[in-house]
Amino acid sequence: AVVGDEQALGAAGSVMNWEGRATRLVGEPVFGCRASHLLDRDGNRFRAAFLAALDRIAGTGRFVSLVGELDCRITGLLGELPVDSQGRWHDFSAVDALAHDYVAWLAEACAERDLSPIVMGTPASNVQVEVMRDLARSAYLTIIERFNGALAAAASERHLPFADLFGATRSRGAQGRPDLY
């Protein structure tokens, strides 16, 4: 199964070699799912839907977990990061913390359900980029790249596999490949 943001739908029905066997993937989309939603201890519809998807596949072994690049947009992390006197973003430590906390939460949620997640990064984005101011565009693309790097590092720390969707969808300058959008 592929559980997470609507990009999970793209994998539905695909057949891949999984531990030596041909396996048809099932998409378990949680539309609009962000890492920050899943970390909300008070709960919300995204966290509830994600956990319900995990409950449906509990005990089946490996699955792919992904969140969208929504965490990186103006309404997500970009809007919360500090800016300097010229309006430039300069402290991206919250990006690293979000990725670390998400992977820690995911590992715990999966251990309770006898699941082994493959952490998938967010795709490189072409969405919104053309209408953003230069500074915001640069920060947004930096956040996506940094979030993916931090996800990979956090997965590695926990000995979890990482699938680099960002690397597969990236073109020059960290922007998404136009042929994919």
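Because the structure is predicted, anything quoted here is derived from the model rather than measured. (Residues numbered from 1 in each chain as written. Predicted model: local features only at pLDDT ≥ 70, side-chain atom pairs only at ≥ 80, totals over all residues. Heavy atoms only, no water.)

Participant: Honestly, the pairing of strand 5 (residues 61–66) in this entry has me stumped. Any pointers?
Facilitator: Along a regular strand, successive side chains alternate from one face of the sheet to the other. As defined by bridge partners, strand 1 (residues 2–4) adjoins strand 5 across three bridges and the pair is classed as parallel. Paired with Val3 across the two strands is Ser65, which belongs to strand 5. Bridge count between strand 5 and strand 6 (residues 115–120): six bridges; the pairing is parallel. Bridging across to strand 6, Leu66 finds its partner in Met120. (Pairing = 2+ DSSP bridges. Helix = DSSP H or I, 4+ residues; strand = E, 2+ residues; numbered from the N terminus.)

Participant: Help me understand the sheet that holds strand 1 in this model?
Facilitator: By definition, the strands of a sheet pair up through backbone hydrogen bonds, in either a parallel or an antiparallel sense. Strand order across the open sheet formed by five strands is 4-1-5-6-7, with parallel pairing between neighbours. On the outer flanks of this sheet lie strand 4 (27–29) and strand 7 (162–163), each paired with one strand and no other. One ladder, built from three bridges, connects strand 1 with strand 4; its direction is parallel. In the strand pairing of strand 4, Val3 is matched with Glu28. In this fold helix 2 (residues 45–57) packs onto strand 1, strand 4, strand 5 and strand 6, with an angle of close to 160 degrees to the strand it touches most, strand 1. Relative to strand 6, helix 3 (residues 93–111) is tilted by about 155 degrees, and along the sheet it contacts strand 5 and strand 6. (Contact = heavy atoms within 4.5 Å. Axes fitted to C-alpha atoms, helices over the stretch in contact; angles between N-to-C directions.)

Participant: Would you mind going over helix 3 with me for this structure?
Facilitator: An α-helical turn contains 3.6 residues, so a residue and the one three or four places further along point in the same direction. Counted at 1.5 Å a residue, the expected span for helix 3 with its 19 residues is 27 Å, and the 27 Å between its end C-alpha atoms agrees. Among the residues making up helix 3, those that are buried are Val95, Leu98, Ala99, Tyr102, Val103, Ala104, Trp105, Leu106, Ala107, Ala109 and Cys110. (Expected span 1.5 Å × (residues − 1). Buried < 20%, exposed > 50% of the residue type's maximum accessible area, 1.4 Å probe, protein only.)

Participant: Just to check I follow, could you spell out the packing of aromatic side chains for this structure?
Facilitator: Given two aromatic rings, their pairing is described by the distance between the two centres and the angle made by the two planes. Applying the stated criterion across every chain, the model contains one aromatic pair. When the centroid spacing of 5.8 Å and the interplanar angle of 55 degrees are considered together, the rings of Phe50 and Trp105 count as tilted. Here Phe50 is found in helix 2, whereas its partner Trp105 is found in helix 3, with 55 residues between them in sequence. Pair check on accessibility: Phe50 and Trp105 agree, each one buried. (Phe/Tyr/Trp six-rings, centres within 6.5 Å; stacked < 30°, edge-to-face > 60°.)

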